[in-house]
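Now for the letters of each chain:
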Amino acid sequence: MESPVPEILYERAEHAARFIRSRVGEDVRHALVLGSGLGAFADELEDPLAIPYEEIPGFARSTVEGHAGRLVIGKVAGVTVAAMQGRFHYYEGYTLDEVTFPVRTLGLLGVRSLVLTNAAGGLNNTFTQGSLIVISDHLNLMGASPLRGANDPRFGPRFPDMTAVYDHDYQETAINEAHEMGLELRRGIYAALAGPNYETPAEIRMLRLLGADAVGMSTVPEALAARHMGVKVLGLSCITNMAAGVEDRLIDHAEVIETGERVRETFAELLRRVIPKLQ
Ligand code: HPA
């Protein structure tokens with residue numbers, strides 16, 4: 001008989017990690033969260049083992065169409081990675097505990113490096129639709145932190161430092177590998193809003209004043225939970241559209257997904273090069 005899912009978050013995440021470990025025969029040190037339109041990378045892993053989220057005890061149910069909602073464990077350039085094909089977003093109504101539960105689980109599974117990817121709107125005028133960006137820092141404008149509430153010191157400290165959420169060496173690695181590909185990967189500050197609506201032009205002007213280069217509705221809760229646990233983070237954004245009011249046109253979700261799919265091969269190549277270099 002299956003054992004019941006424990007109540008305490010840490011134990012729930014341990015339970016989920018044990019379940020994954022029982023399916024995977026080897027250590028997993030690298031994980032990846034694939035954002036909107038970017039999920040195809042998981043289909044390229046060698047010797048893949050795919051576990052639908054609904055089979056993993058404690059995981060929430062995926063609701064967004066276009067998101068497969070599964071964890072794919074396989075190899076890229078000889079390195080085993082756990083790739084989340086689809087994530088849980090705050091705007092879907094999940095709590096931030098639910099949003100970050102997979103990251104908690106991956107951390108307890110033994111993952112030491114986490115690549116967070118997303119689709120984002122571009123504010124910085126040097127970005128264009130289809131640009132890939134390495135996140136250098138973030139603005140958490142979601143109005144909440146996944147670390148709010150009783151702290152479990154088994155995960156990490158009550159007041160974790162966030163001076164370097166996005167690992168500097170990882171940023172360098174990503175920029176250098178992109179350079180080798182003949183691609184200019186620029187750094188940018190990612191502002192996370194709760195969504196689900198896209199921003200107004202006035203909000204985008206506000207975000208620009210705050211120093212944001214890109215805007216989206218994910219990534220930051222996962223980055224905070226990962227850093228709480230001492231997991232190193234690389235953040236990559238695909239600029240799927242220029243943010244509201246930057247150009248004289250509307251934003252459409254279908255276009256966001258299409259742009260992700262258009263950069264699919266470049267994005268996959270960058271990941272194939274970067275992942276084996278993440279220490
Ligand atoms: N705003 C917020 N989130 C997004 C955008 C945007 O313009 N594009 C893709 N995700």
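Scroll up to find the structure this text is about.
The shown structure was predicted, so the numbers you read here are calculated from the model rather than taken from an experiment.

**Some thoughts on the packing of aromatic side chains**
Logical step 1: Scanning the entire structure with this criterion turns up six aromatic pairs.
Logical step 2: Aromatic side chains Tyr 53 and Phe 59 sit 5.4 Å apart centroid to centroid with 45° between the ring planes, which places their arrangement in the tilted category. Accessibility assignment for this pair places Tyr 53 and Phe 59 in one class, buried.
Logical step 3: Taking 6.3 Å as the distance between ring centres and 75° as the angle between the ring planes, the aromatic pair formed by Phe 59 and Phe 88 counts as edge-to-face. Of this pair, Phe 59 sits in the loop between strand S2 (46-52) and strand S3 (70-76) while Phe 88 sits in the loop between strand S4 (79-85) and helix H2 (96-109), and the two are 29 residues apart along the sequence. Here Phe 59 matches Phe 88 in class, with each residue buried.
Logical step 4: Aromatic ring contacts, followed pair by pair, group Tyr 53, Phe 59, Phe 88, Tyr 94 and Phe 101 into a single cluster.
Logical step 5: Above the ring of Phe 155, the side-chain terminus of Arg 104 is found at 4.1 Å from the ring centroid.

**Observations concerning the packing of helix H3 (residues 168-180) against helix H7 (residues 264-274)**
Logical step 1: Contact pair H3 / H7: the axes reach a minimum separation of 9 Å and the direction vectors enclose 125°. On the basis of their axis angle, the class for H3 and H7 is oblique. You can see that H3 and H7 cross each other, and the crossing is right-handed. Here Thr 173, Ala 174, Glu 177, Ala 178 and Glu 180 of H3 come into contact with H7, specifically with Leu 270, Arg 273 and Val 274.
Logical step 2: For the contact of H3 with H7, a count of residues per class yields four nonpolar, one polar and three charged.

**Some details on helix H6 (residues 253-262)**
Logical step 1: For H6, every residue scored as buried is listed here: Glu 255, Val 256, Thr 259 and Gly 260. Seen from one end, H6 has its buried residues packed into an arc of 140°, which puts them on one side. Residues of H6 that are exposed and point over 90 degrees away from its buried face: Glu 258 and Arg 262.
Logical step 2: In this structure, the buried residues of H6 make contact with strand S5 (113-122), strand S9 (232-242) and H7.

**What about the nonpolar core?**
Logical step 1: In terms of nonpolar packing, the biggest core is built from 51 residues, with Ile 56, Leu 71, Ile 73, Leu 106 and Leu 114 touching the most fellow members.
Logical step 2: Other than its neighbours up to four places away in sequence, Ile 56 contacts Ala 16, Phe 19, Ile 20, Ile 51 and Leu 71.
Logical step 3: Of all hydrophobic cores here, the second largest spans 30 residues; its members include Leu 45, Val 76, Ala 174 and Leu 234.

**A short note on the site of the ligand**
Logical step 1: Taken together, Ala 119, Ala 120, Gly 121, Tyr 198, Glu 199, Val 215, Gly 216, Met 217, Thr 240, Asn 241, Ile 251 and Val 256 make up all the residues around the ligand.
Logical step 2: A distance of 2.8 Å separates a nitrogen atom of the ligand from a polar side-chain atom of Glu 199.
Logical step 3: Within the contact set of the ligand, a nitrogen atom lies 2.6 Å away from a side-chain nitrogen or oxygen of Asn 241.
Logical step 4: The element contributing the most residues to the shell around the ligand is S5, with three residues.
Logical step 5: Each residue belonging to the shell around the ligand can be placed in one class, and the counts come to seven nonpolar, four polar and one charged.

**Details of the pairing of strand S1 (residues 30-34)**
Where a strand is regular, its side chains alternate between the two sheet faces.
Logical step 1: Most of S1 sits out of view: five of its five residues are buried.
Logical step 2: Burial along S1 is two-sided: the residues His 30, Leu 32 and Leu 34 and Ala 31 and Val 33 are all buried.
Logical step 3: Sheet topology note: the S1/S4 ladder contains five bridges and is parallel. Along S4, the bridge assignment pairs Leu 34 with Gln 85.
Logical step 4: Of the strand pairs in this sheet, S1 and S5 are connected by four bridges, and their pairing is parallel. Note on S5: the bridge partner recorded for Leu 32 is Val 115.

**Notes on a nonpolar patch on the surface**
Logical step 1: Judged by side-chain polarity, Leu 141, Met 206 and Leu 210 come together as a nonpolar surface patch covering roughly 260 Å² of accessible area.
Logical step 2: Here Met 206 is to be found in helix H4 (residues 201-209).

Basis of the calculations
- Residues numbered from 1 in each chain as written.
- Predicted model: local features only at pLDDT ≥ 70, side-chain atom pairs only at ≥ 80, totals over all residues.
- Heavy atoms only, no water.
- Phe/Tyr/Trp six-rings, centres within 6.5 Å; stacked < 30°, edge-to-face > 60°.
- Buried < 20%, exposed > 50% of the residue type's maximum accessible area, 1.4 Å probe, protein only.
- Helix = DSSP H or I, 4+ residues; strand = E, 2+ residues; numbered from the N terminus.
- Lys NZ or Arg CZ within 6 Å of the ring centre and 35° of its normal.
- Axes fitted to C-alpha atoms, helices over the stretch in contact; angles between N-to-C directions.
- Parallel < 35°, antiparallel > 145°, perpendicular 65-115°, else oblique.
- Left-handed = near helix turned anticlockwise from the far one by under 90°.
- Contact = heavy atoms within 4.5 Å.
- Nonpolar A, V, L, I, M, F, W, Y, C, P; charged D, E, K, R; others polar.
- Arc of directions from axis to C-beta.
- Core = buried A, V, L, I, M, F, W, Y, C linked by side-chain atoms within 4.5 Å.
- Near = heavy atom within 4 Å.
- Polar contact = N/O pair within 3.5 Å; in protein donor to acceptor, adjacent residues only side chain to side chain.
- Pairing = 2+ DSSP bridges.
- Patch = residues over 30% accessible without salt bridge, like charges linked within 9 Å, V, L, I, M, F, W, Y side chains within 5 Å.
- Areas by Shrake-Rupley, 256 points an atom, 1.4 Å probe, with all protein chains shown as cover.
- Salt bridge = Lys/Arg side-chain N within 4 Å of Asp/Glu carboxyl O.

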